[in-house]
Amino acid sequence: MDVDPLIHRLGEIAGDEHVVTHPHQLRTYESDGLLQYRVAPRAVVLPGSAQEVRQVVRACFESSVPWVARGAGTGLSGGALPHEEGILIVLSRLRRIVEVDLENQRIVVEPGVTNLEVSRAVGPTHFYPPDPSSQVVCSIGGNVAENSGGAHCFKYGFTTNYVTGLEVVLSDGELLELGGKELDSPGYDLVGAFVGSEGTLGVATQVTLRVVPVPETIRTLVAFFGHTDEAGQAVTEIVAAGIVPAAIEMMDRLSIQATEAATHAGYRLDAAAALIVELDGPEAECASGLDEVVAHCRAADAIEVRVARDEGERELFWKARRAAFGAMGRISTTYYVQDSVLPRTRLPEVLRLIDELSAEYGMQVANVFHAGDGNLHPLVCYDGSTTGEAERAEELAGRIVKACVDAGGSITGEHGVGVDKKHYMPSMFSEPDLDAFQRLRCSFDPDGLANPGKVMPTPRLCGEVPGPYRQHPLERDGVAERM
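Residue numbers run consecutively from 1 along every chain, following the written order of its sequence. Where local features are concerned, this predicted model is filtered to residues with pLDDT of at least 70; where side-chain atom pairs are given and counted, the filter is 80 or more; whole-chain, interface and lining totals use all residues. Where side-chain values are given, they derive from all heavy atoms of the structure, hydrogens and water being excluded.

A. Region of the structure containing the sheet that holds strand S1 (residues 19-20). In this scheme, strands are said to pair when DSSP sees at least two bridges between them. Labels follow the DSSP assignment, with helices taken as runs of H or I lasting at least four residues and strands as runs of E lasting at least two, numbered in each case from the N terminus. Taking strand neighbours across the sheet as the criterion, the four strands line up as S1-S2-S4-S3 in an open arrangement whose pairing is mixed. Across the chains shown, the open sheet's two edge strands, defined by having one partner strand only, are S1 and strand S3 (67-70). With two bridges connecting them, S1 and strand S2 (residues 43-45) associate as antiparallel partners. The residue bridging Val20 from the neighbouring strand is Val44, located in S2.

Have a look at this one:
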């Protein structure tokens, strides 16, 4: 398709300085945080306002050119992977905090505002609970697309629990208002349908978020165990006792070694697992809950339990956890990050299976994850300079996903499906389910121009634009999957 007239039109809308077409510059945008997939778009445009986004999308619609919206590019499922014949719409210039309304516990922001900036804008009296480890750089627009979570989602919930209103541009350029400041709008829950739709229904240009008051007290501990089974048992016992921590995070030996080398947080290198538990709320409630958590950890044979003495030590505990993904570069310069969910009572057996798969493939696997809701993040380490190793790492990660589904879990907890896990959608959903998903998608985007080739396992209805093909390593029938 001839997109040169379209590129000229994009320059008229956003300014030529905000349109990228040089091959070397396009390489900056050829993947998101999942580097295993790379596609250079035909062009990149960085609109500076919602009106410019609307005009850009309309221009693509009139030219029948697909487009992909991108935030900070920190996603880990290939959700922002460009289309090779399409336009990549980068929203990083939309950084305004439109309104702060603490009386009603609301904040209105543009999609390029970072997750952490929201909490800073409403502090010190309020905060925004969904807190991915990448919250310093990840954007609210991307959080909305992927329904992002974080360490504190066990108690507080995910992005979808905090989005009350959206300003959305549909694939034909139409502007749509969904929800508002109210907590539960009458009628169909279109806000709920849009959050987590991974950019396949349109692009959000303004987001209304709910924020909550800062708790009276926060108490944090880290417990060290001689085996991941014992840490998993402690998690089960804590939750079974009716305790609802703000966060329950686990790291295994390999991730402890990596993070300790990077942060010097004082984690025990002789431990096979570390469990971070954080309680918040009224002082009396936290004090009582903390005693119970310590008792459950010791009953599960913790070799040491440390309670943070002050805010500085608490931040040190969390510094190690938040640095986990980046610190893995000290263990392996290349690794494959996966994301899947299983019932927390099945944690010990699945972690043992991961150890077996690690030995079978001869690849180290680090586990750092949200233990409270069973959201695993295995990091499969491999040698990127060896031919075929990346594919073997992806295959190993895929077997972990399938093990989680077989245990009664899900193919994703917070990273989304994107291109990385669309192959596994049929393992969770029947054909009628997938058809229902696609019908919803078509009602928003009948021409299939918004982020085509993502989420759905095979080409379907509503004129979805085909993309390049790539065979997935776990395919049994030899048919290439669309990327």
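B. Representation of helix H1 (residues 4-14) in the model. Relative accessibility decides the category of a residue: with a 1.4 Å probe and only protein chains considered, values under 20% of the type maximum give buried, values over 50% give exposed, and everything between is partly exposed. Within the sequence span of H1, burial applies to Leu6, Ile7, Leu10, Gly11, Ile13 and Ala14. One side of H1 holds all its buried residues, which, seen down the axis, span an arc of 165°. Every exposed residue of H1 that faces more than 90 degrees away from the buried side is listed here: Pro5, His8 and Glu12. Residue contacts follow a heavy-atom distance rule, with two residues in contact if any of their heavy atoms lie within 4.5 Å. Summarising the contacts, the buried residues of H1 are in contact with S1, S2, helix H3 (50-62) and strand S4 (87-90). Gly15 occupies a position one or two residues after H1 and carries a positive phi of about 95°. To obtain the arc, one takes the directions from the helix axis to the C-beta atoms.

C. Seen up close, the sheet that holds strand S6 (residues 106-109). Judged by pairing direction, the sheet is antiparallel, and its five strands sit side by side in the order S5-S6-S10-S8-S9 without closing on themselves. The open sheet has two edge strands, strand S5 (97-101) and strand S9 (175-179), and neither has a second partner. In this sheet, adjacent strand axes meet at a mean angle of 10° when their direction is disregarded. Here strand S8 (residues 163-169) runs beside S9; their pairing, made up of five bridges, is antiparallel. Its bridge partner being in S9, Gly165 is matched across the sheet by Gly179. Axis definition: a line fit to C-alpha positions, over the contact stretch in the case of helices; interaxial angles, taken between N-to-C directions, run 0 to 180 degrees.

D. Expanded view of the nonpolar core. The set of buried Ala, Val, Leu, Ile, Met, Phe, Trp, Tyr and Cys residues whose side-chain atoms join them within 4.5 Å is what this entry labels a nonpolar core. Formed by 49 residues in total, the largest nonpolar core has its most connected members in Phe225, Leu275, Cys297 and Leu376. Counting residues per element, this core draws most heavily on helix H13 (residues 347-361), at six residues. Discounting residues that sit within four places of it in the chain, Leu376 has contacts with Gln338, Asp339, Ser340, Leu342, Leu347, Val350, Leu351, Ile354, Phe369 and Cys404.

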